[in-house]
Amino acid sequence: MRIILYIGRRLLFIVPQLLGIVLVSFLLVKSIPGDPAVLMLGPTATPDAIASLHRKLGLDHSLPVQFWIYLKNLAHGDLGTSWQTTRPVLEDLIQRFPATLELVSLGLLLAVLIGVPLGLASAFNERGWLAGIANFYGLGAGSLPDFWLALVLIFIFYTTLQWVPAPLGRIDLTIVPPPPVTGVLTVDALLAGDWQAFRSAAGHLVLPALTLGLINAGPILKMTQSSMEKMLQSDFSRYEVLCGMPRRLVVRHALRNALPSVVTIISVLYGFLIGGAVLVEIVFSWGGAGQYAVQGVLNSDFYPVLGFVLFSAIFSLFVYLVVDLIYFAIDPRISH
Amino acid sequence: MPKILDFLKLVVRIAQVRPRFLLGYAIVLVAILAGLMAPLFSAYSPVTADSSHFLQAPSRAHWFGTDAVGMDIFTRTIYAPRIDLTIAVTGTLLSALVGSFIGAFVGYFSAGRGVRVHLSYAVMRAADVLQAFPVFVFAIALVASFGQSIETVVLAIAFVNAPIYLRLMRAQVMAIREMRYVEASLVAGLSDFKTILRHIIPNAMTPVLAQLSINVGWAILLTAGLSFVGAGVRAPTPEWGSMIAMGFQNMVTGQWWPSVFPGLALAVTVFGFSLVGLSIEVFADPIKRRALVRDLEIARRRAPPAAMSGPEGVLTAGEAP
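Residues numbered from 1 in each chain as written. Chains lettered and ligands numbered in written order. Predicted model: local features only at pLDDT ≥ 70, side-chain atom pairs only at ≥ 80, totals over all residues. Heavy atoms only, no water.

### Here's the deal with the overall build of chain A
- In terms of helices and strands, chain A carries 15 helices and zero strands.
- Structurally, chain A occupies a C-alpha span of about 85 × 55 × 40 Å along its principal axes.
- Across the 336 residues of chain A, 48% fall into the buried class.
- Considering only intrachain contacts with a sequence separation of at least 6, the fraction spanning at least 24 residues in chain A is 72%.
- A total accessible area of about 16900 Å² is found for chain A, and carbon and sulfur atoms account for 69% of it. (Helix = DSSP H or I, 4+ residues; strand = E, 2+ residues; numbered from the N terminus. Buried < 20%, exposed > 50% of the residue type's maximum accessible area, 1.4 Å probe, protein only. Contact = heavy atoms within 4.5 Å. Areas by Shrake-Rupley, 256 points an atom, 1.4 Å probe, with all protein chains shown as cover.)

Right, dumping it as structure tokens:
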């Protein structure tokens with residue numbers, strides 16, 4: 001019951017926040033120079049044609065009226081139309097968002113698999129060689145530009161070793177993609193029982209996910225290490241050691257107390273990566289939502305940018321909500 | 001003069017127990033010097049194409065090779081800090097100045113009554129909204145709407161980072177405003193504005209300083225990322241991100257040098273700035289500083305007996321094999 005009340009209160013605050021986000025991004029996007037009507041019709045367009053297209057797109061209204069129209073359409077689930085793809089933005093995003101989610105989720109999973117064990121191992125033995133490596137890695141990983149690391153990995157594993165397919169898109173062009181169910185290619189291929197498509201999709205996923213994993217393992221490692229060290233040095237751990245409790249139990253209790261901060265950093269990274277993986281998407285021609293938004297900004301295509309900002313904001317808010325629910329589960333102090 | 005000497009001795013001793021701090025400062029210094037004195041180190045021009053020598057592998061004539069239009073990559077790599085560091089440092093300083101200034105007032109007025117409380121609440125919610133944006137797309141949109149130039153990249157970096165300083169400063173000031181010396185200053189007749197400026201901000205600066213250096217590293221990464229997608233500094237201006245972008249296709253076809261060298265320079269520089277940030281954090285945090293002082297003492301006692309005589313001894317002990 002308490003949880004339902006809590007969620008209800010949180011949802012109540014989300015609405016004004018989303019409205020603020022839409023307003024700011026609307027103003028920002030509208031101030032980008034470039035007239036979509038001119039770009040759509042090309043350089044030979046007559047002023048009459050441009051004016052009539054302005055009327056059709058609703059660009060002849062004042063800015064507040066345009067914003068009001070956008071909000072009204074939004075309420076009906078209409079996010080506008082992209083002039084580049086000439087398709088409704090909602091359809092485009094539903095197609096592209098799963099691609100980004102697939103990449104980001106797998107990348108983050110790799111980051112957790114690298115970061116958490118290394119962080120734990122170095123926390124148990126502060127002066128050992130493993131801690132030395134972990135310290136260096138934690139500092140160094142955040143210094144690498146992701147788009148550069150992606151290129152280096154392409155050079156090693158595609159150009160030189162030929163272990164992975166060419167970094168162009170999510171699946172080989174010669175392979176028919178599986179019928180879309182979830183939009184996540186690897187999952188769809190498995191659902192369709194198409195082994196060949198799955199192999200190709202997974203092969204294309206390896207390098208971009210590895211890039212994100214290697215870089216984002218850094219902050220996870222640092223957080224695991226520092227919160228675990230803090231817990232092992234805290235009064236309750238020392239008391240347990242003094243009482244002669246087995247080391248295994250002391251570690252387990254410390255780990256349980258260090259868990260919330262590790263979950264926090266993972267969730268922050270998840271929210272950040274939805275938009276933060278853009279450069280990796282571009283390097284691998286991934287065709288994800290972030291790349292779609294960047295194309296939109298660079299070509300005065302407003303609605304894709306607005307739609308992307310809205311989608312990723314909702315996604316981050318959703319992730320933060322789920323994380324708060326996880327806190328309920330792992331931290332008894334909050335639920336009582 | 002002796003004071004400077006003592007300071008230098010302290011620096012050497014700290015470098016002995018924390019070699020990575022020294023590494024950080026060395027990297028940052030090298031990057032700055034490379035940018036300043038680039039013409040001394042290279043005979044080539046950083047922006048002149050030479051179509052007869054394109055895509056040459058690293059050699060004695062071209063240490064880092066040449067790119068697709070025949071520009072010398074070593075030259076461009078050492079000229080790049082001029083652009084990258086200038087943008088990153090200016091953007092970060094600007095965001096720290098504006099962000100922490102607003103943050104100080106928001107923190108000071110966040111308790112109590114009246115319009116100012118509502119105003120500071122509104123500022124915090126605005127910061128929430130700004131931070132909910134995907135950083136990179138936000139930065140590109142900012143650059144696009146103000147027109148692409150070096151100044152707008154600086155502005156975008158300042159804008160994106162300002163909420164961080166706003167929050168840092170606000171948290172600090174909320175703790176400090178309860179202090180006695182703040183009450184004393186108000187009782188003595190200073191206005192809120194003067195109290196904040198003279199007594200609160202100077203006492204709340206430490207975490208901001210530690211954040212600055214780390215943030216310069218991020219700002220370099222953001223600048224390079226913007227240039228990589230073509231929304232930042234335009235080619236042929238020597239800039240690490242746009243150099244990596246120029247080498248993109250070559251990398252896939254097997255010519256690794258146009259992208260690898262500028263990327264390495266970029267990564268090492270960012271690494272240096274985060275090490276410097278780490279050192280400032282240690283100097284500023286009382287607990288971490290105590291650990292450093294402890295290690296200094298251990299190092300002093302471990303030194304051979306001859307070194308016990310004084311700081312000069314420590315110095316010579318460090319130089320012995």
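### Brief notes about the confidence of the model for chain B
Residues and elements named next belong to chain B.
- Residue-level pLDDT values for chain B average 86, and 94% of them are 70 or greater.
- For the stretch residues 307-321, pLDDT sits under 50, and the model shows 14 contacts to residues farther than four places along the chain or on other chains.
- In the model output, the complex is listed with pTM 0.88 alongside ipTM 0.88. (pLDDT = per-residue confidence, 0-100.)

### Description of the packing of helix 5 (residues 89-124) of chain A against helix 9 (residues 195-233) of chain A
All names here are of chain A.
- One can describe the packing of helix 5 onto helix 9 by two numbers: an axis separation of 5 Å at closest approach and a directional angle of 35 degrees. At the point where helix 5 passes helix 9, the crossing takes the right-handed sense.
- For the contact of helix 5 with helix 9, the class distribution of residues is 23 nonpolar, eight polar and two charged. (Axes fitted to C-alpha atoms, helices over the stretch in contact; angles between N-to-C directions. Left-handed = near helix turned anticlockwise from the far one by under 90°. Nonpolar A, V, L, I, M, F, W, Y, C, P; charged D, E, K, R; others polar.)

### Observations regarding the environment of A:Thr86
- Mapping A:Thr86 onto the fold places it in the loop between helix 4 (63-75) and helix 5.
- Through-space distance from the C-alpha of A:Thr86 to that of A:Met40 is 10.0 Å; in sequence the pair is 46 residues apart.

### Details of the pattern of salt bridges
- Using the criterion set out here, one finds 13 salt bridges over all chains in the structure.
- The salt bridge involving B:Glu178 is made with B:Arg177; its shortest N-O contact spans 3.4 Å.
- Taking relative accessible area as the criterion, B:Glu178 reaches 54% and is therefore assigned exposed.
- Each of A:Arg87, A:Glu91 and A:Asp92 takes part in a single network of salt bridges with overlapping partners. (Salt bridge = Lys/Arg side-chain N within 4 Å of Asp/Glu carboxyl O.)

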